[in-house]
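Residue-level listing of the chains:
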Amino acid sequence: MLLSSPADTLVVFDFETTGMSPDNGDRSIEIGAVKLVAGRVVDEFSQLMNPGIAIPLFIQSLTGISHPMLRNARENHEVMADFYGFVDGFNLVAHNAAFDAKFLHAEFKRIKKYFAGGIGCSLLASRRVLTGAPSYKLGELIAHFNLPKAKQYHRALADAQACAHLWLRVLQQLEQQHGVKQLTFGHLQTLNQQPKPRVQRLINSWCE
């Protein structure tokens, strides 16, 4: 894992899917990602995917992604092969990353690829750093901290863009409130694994 990489240099990503679990046959229908280098957006990735299965009406209503939109879209294996190249050498971040990581690994497994980087979670980081928020849903965090709003939530690129703003807000809070600079991805991974009562002690140790 690229634990020593800077925490502001990574790829923030999001999937839209046909359901909750690839183990139950659900597939990805859209991938969106934002590449950050030193806290600046340097590239983006956005593709619809045709998984060859029906999209539940609930998902069509939630995302706005319909069967006609996917009819001429590239198949999952083609898109995910391109995405593998896009993320090669970078760590990843997603909001509620446990969900997106399941689909990432499942889609890469289908094309016989293995992602060697780390996957961080902006939801866990926000709960430990951005304390006092009324909710830790992505859209509500964006509104609460007056961050740039997504053009359309539940679309992959827009959610990835919003998540990128949130991730940088977490890093900004650690620097401005606690004086922590030059954080690595490993620092944030360790933070996310800490019970909340131990978070402040960990942060203090970074300043010693």
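Everything here concerns the structure above.
Everything numeric in this text was worked out from a predicted model, so none of it was measured. (Residues numbered from 1 in each chain as written. Predicted model: local features only at pLDDT ≥ 70, side-chain atom pairs only at ≥ 80, totals over all residues. Heavy atoms only, no water.)

Some points on the environment of His-95
In this fold, His-95 is placed in the loop between strand 4 (92-94) and helix 4 (97-110). Accessibility expressed as a relative area gives 14% for His-95, which makes it buried. With residues near it in sequence (within four places) discarded, His-95 still touches Asp-100, Ser-122, Leu-123, Tyr-136, Lys-137, Leu-138, Leu-141, Cys-163 and Leu-166. At 2.9 Å, the side chain of His-95 and the backbone oxygen of Tyr-136 are in polar contact. (Helix = DSSP H or I, 4+ residues; strand = E, 2+ residues; numbered from the N terminus. Buried < 20%, exposed > 50% of the residue type's maximum accessible area, 1.4 Å probe, protein only. Contact = heavy atoms within 4.5 Å. Polar contact = N/O pair within 3.5 Å; in protein donor to acceptor, adjacent residues only side chain to side chain.)

Quick notes on the environment of Val-41
Note on placement: Val-41 falls in strand 3 (residues 40-48). Filtering out sequence-adjacent residues up to four positions away, Val-41 remains in contact with Val-34, Lys-35 and Leu-36.

Topic: helix 5 (residues 122-129)
With 6 of its 8 residues buried, helix 5 lies for the most part within the structure. By the burial criterion, the buried members of helix 5 are Ser-122, Leu-123, Ala-125, Ser-126, Arg-128 and Val-129. In this structure, the buried residues of helix 5 make contact with strand 4, strand 5 (119-121), helix 6 (138-144), helix 7 (156-178), helix 8 (185-192) and helix 9 (196-206).

What to know about the packing of helix 5 against helix 8
For the pair helix 5 and helix 8, the least separation of the axes is 9 Å and the interaxial angle reads 75°. What the angle tells us is that helix 5 and helix 8 run roughly perpendicular. Between helix 5 and helix 8, the residues in contact are Leu-124, Ala-125, Arg-128 and Val-129 and Leu-188, Leu-191 and Asn-192, respectively. Of the residues in the contact of helix 5 with helix 8, the class split is 5 nonpolar, 1 polar and 1 charged. (Axes fitted to C-alpha atoms, helices over the stretch in contact; angles between N-to-C directions. Parallel < 35°, antiparallel > 145°, perpendicular 65-115°, else oblique. Nonpolar A, V, L, I, M, F, W, Y, C, P; charged D, E, K, R; others polar.)

With respect to the pattern of salt bridges
For the structure shown, the criterion picks out 3 salt bridges. Where Glu-30 meets Arg-155, a salt bridge forms, and the shortest distance between an N and an O atom there is 2.8 Å. Here Glu-30 is found in strand 2 (residues 28-37), whereas its partner Arg-155 is found in the loop between helix 6 and helix 7, with 125 residues between them in sequence. No difference in accessibility class separates Glu-30 from Arg-155, as the two residues are buried. A salt bridge links Arg-74 to Asp-82; the nearest nitrogen and oxygen atoms lie 2.9 Å apart. Judged by relative accessible area, Arg-74 falls into the partly exposed class, the value being 31%. Owing to a relative accessible area of 39%, Asp-82 belongs among the partly exposed residues under this scheme. (Salt bridge = Lys/Arg side-chain N within 4 Å of Asp/Glu carboxyl O.)

Some details on the pairing of strand 1 (residues 10-17)
With respect to burial, strand 1 is a largely interior element, 8 of its 8 residues being buried. Burial along strand 1 is two-sided: the residues Leu-10, Val-12, Asp-14 and Glu-16 and Val-11, Phe-13, Phe-15 and Thr-17 are all buried. When strand 1 meets strand 2, the two strands line up antiparallel, connected through 8 bridges. Paired with Phe-15 across the bridge in strand 2 is Ile-31. Where strand 1 lies against strand 4, 2 bridges are found, and the strand directions are parallel. Residue pairing across strands places Val-12 opposite Val-93, the latter belonging to strand 4. (Pairing = 2+ DSSP bridges.)

These figures come from the coordinates and say nothing about function on their own.
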